[in-house]
Amino acid sequence: MDKNTEAALSGALRKQKYHLVGSHSAVKRCKWLYESIVNDRPCYKQKFYGIKSHRCIQMSPSLYYCTQQCLFCWRAQSGDLQVKWDEMKIPKIDTPEQIVEGCLKAQERILTGYKGNPKTNWRKYQEALMPKQVAISLTGEPSLYEPLGELIKIFHQKGLTTFLVSNGTLPSKLAKLTTEPTQLYISLCAPNEQTYKKVCRPEFPNAWIKLNETLGLLQSFHCPTALRMTLAKDHNMNNIADYARLVEKANPTYIEAKAYMHIGFSHLRLGFDNMPMHHEVRCFAEALADKTGYKIINEATESRVVLLSRLDRAIQINTD
Ligand code: SF4
Ligand code: SF4
């Protein structure tokens, strides 16, 4: 990536309140961190799994880099800002130690903004200064970062749990992870290859085959696994039977069916009307439950997300 491209991208992301860390990582304040500290409203993952929104760091080690260009993605993709770059390769690799330290400092900077807010819950604020959870999910494909297992290990050594979200196109990288995350998400946003190519727009030819390899590999993980389905109306909410076959192959602990949100750079690719309402997501989830034997075990209307599992209740993490 040349200097002009990097300047254009980093400028645009700073305006969107990204805190850049080193040369390819970032932390961004999640809306729910604010909502939890100021309005006592946690995110749906706290409701589902017990993680604490106010103690969560939302970060990515692969800010500008991904193997897909999903229509519903909020990241800046090559071409969006009249600049182009090779999205498949992180050119300069920062060490996991540098990234972890940089993320912890960035989170501290984010939290200083709460000191002047009279509505801040001080107990939560003090707890937030000692984060317990990292969502490695902000943007980009994290498995492009070669020492990802080491990064996860260092977060764990510092007492944080990790949720890793991958698009599953690099199964060999996931299979070689030296440390598993606390929970592994694989995005499954198309029922078949035809829709996958239209909606997820992979950057290499056999990505669908690779994603299917990852689905086959999912049961070899010891941690809880989740298939994340980001649903956009008129794009990927049909062919439930095909989705069900893929679920059967992966046999995940959970399925999260979630509405596309019209935010970030996704407004360049999709319209407001592509956001399904909660009842439409629920309808999709009910049909999937019917075909797979999974049960709806939780839901969050505001985030338009429905949780399915074979378990009666989700495994709770960070409940203290
Ligand atoms: S788990 Fe996700 S939604 Fe919840 S606070 Fe962390 S980054 Fe935000
Ligand atoms: S896989 Fe994730 S980061 Fe990559 S384009 Fe799709 S939504 Fe964006």
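Our subject is the structure that appears above.
Being a predicted model, the structure only gives us computed values, none of them experimental.

Draft legend 1. Local environment of the sheet that holds strand β6 (residues 183–187). Ordered in space as β1-β2-β3-β4-β5-β6-β7-β8-β10-β9, the ten strands form an open sheet in which the pairing is mixed. Looking along the sheet, the strands with just one partner apiece sit at the ends: β1 (18–21) and β9 (295–300). Ignoring strand direction, the axes of neighbouring strands in this sheet form an average angle of 25°. Along the sheet, helix α4 (residues 96–112) makes contact with β1, β2 (25–28) and β3 (56–60), crossing β1 at roughly 150°. Packing of helix α6 (residues 148–157) onto the sheet brings it into contact with β3, β4 (133–136) and β5 (161–166), and relative to β5 it is tilted by some 155°.

Draft legend 2. Molecular detail of unusual backbone geometry. Phi at Asp-40 is positive, roughly 55°, even though this residue is not glycine. With respect to the helices, strands and loops of the structure, Asp-40 is situated in the loop between α2 (31–39) and α3 (44–49). With phi around 55°, Asn-239 is a residue other than glycine that occupies positive phi space. Looking at the secondary structure, you find Asn-239 in the loop between β7 (225–231) and α10 (240–250).

Draft legend 3. Just the side chain of Thr-195, in detail. Within the secondary structure layout, Thr-195 lies in helix α8 (residues 193–199). With relative accessibility at 11%, the residue Thr-195 sits in the buried group. Residue contacts for Thr-195: discarding those within four places in its chain leaves Ala-190, Cys-200, His-235 and Asn-236.

Draft legend 4. Spatial organisation of the pattern of salt bridges. Going through the model one piece at a time under the given rule, you end up with 17 salt bridges. Of the charged contacts in the structure, one is a salt bridge between Lys-173 and Glu-146, with a shortest N-O distance of 3.7 Å. Residue Lys-173 is found in helix α7 (residues 171–175), and its partner Glu-146 is found in the loop between β4 and α6; the two are separated by 27 residues along the sequence. For Asp-312, the salt bridge identified is with Lys-295, shortest N-O distance 2.5 Å. Linking Asp-312 in the segment after β10 (305–309) with Lys-295 in strand β9, this pair joins segments that are 17 residues apart in sequence. A single network of salt bridges, built from pairs that share partners, joins Glu-35, Arg-41 and Glu-302.

Draft legend 5. The site of ligand 2, seen in detail. The local shell around ligand 2 consists of Cys-66, Gln-68, Gln-69, Cys-70, Phe-72, Cys-73, Arg-75, Gln-77, Gly-140 and Asn-167. The residue makeup of the shell around ligand 2, split by class, is four nonpolar, five polar and one charged.

Draft legend 6. Local environment of empty space enclosed by the protein. Throughout the structure, instances matching the rule amount to two cavities of 30 Å³ or more. In this structure, the largest cavity occupies an estimated 40 Å³ of space. Surrounding the largest cavity, Leu-13, Tyr-18, Leu-63, Tyr-64, Arg-75, Ala-76 and Thr-139 form its lining. In this structure, the second largest cavity spans a volume of roughly 30 Å³. If you trace the second largest cavity, you find it lined by Gln-68, Asn-167, Ser-187, Leu-188, Cys-189, Tyr-196, Cys-200 and Leu-211. By residue class, the composition of the lining of the second largest cavity is five nonpolar, three polar and no charged.

What counts as what
- Residues numbered from 1 in each chain as written.
- Chains lettered and ligands numbered in written order.
- Predicted model: local features only at pLDDT ≥ 70, side-chain atom pairs only at ≥ 80, totals over all residues.
- Heavy atoms only, no water.
- Pairing = 2+ DSSP bridges.
- Helix = DSSP H or I, 4+ residues; strand = E, 2+ residues; numbered from the N terminus.
- Axes fitted to C-alpha atoms, helices over the stretch in contact; angles between N-to-C directions.
- Contact = heavy atoms within 4.5 Å.
- Buried < 20%, exposed > 50% of the residue type's maximum accessible area, 1.4 Å probe, protein only.
- Salt bridge = Lys/Arg side-chain N within 4 Å of Asp/Glu carboxyl O.
- Near = heavy atom within 4 Å.
- Nonpolar A, V, L, I, M, F, W, Y, C, P; charged D, E, K, R; others polar.
- 1 Å grid on protein atoms, 1.4 Å probe; cavity = no way out; pocket = protein on both sides within 12 Å on 5 of 7 lines; lining within 4 Å.
- Points joined across faces, edges and corners; volume = space filled by probe spheres on them.

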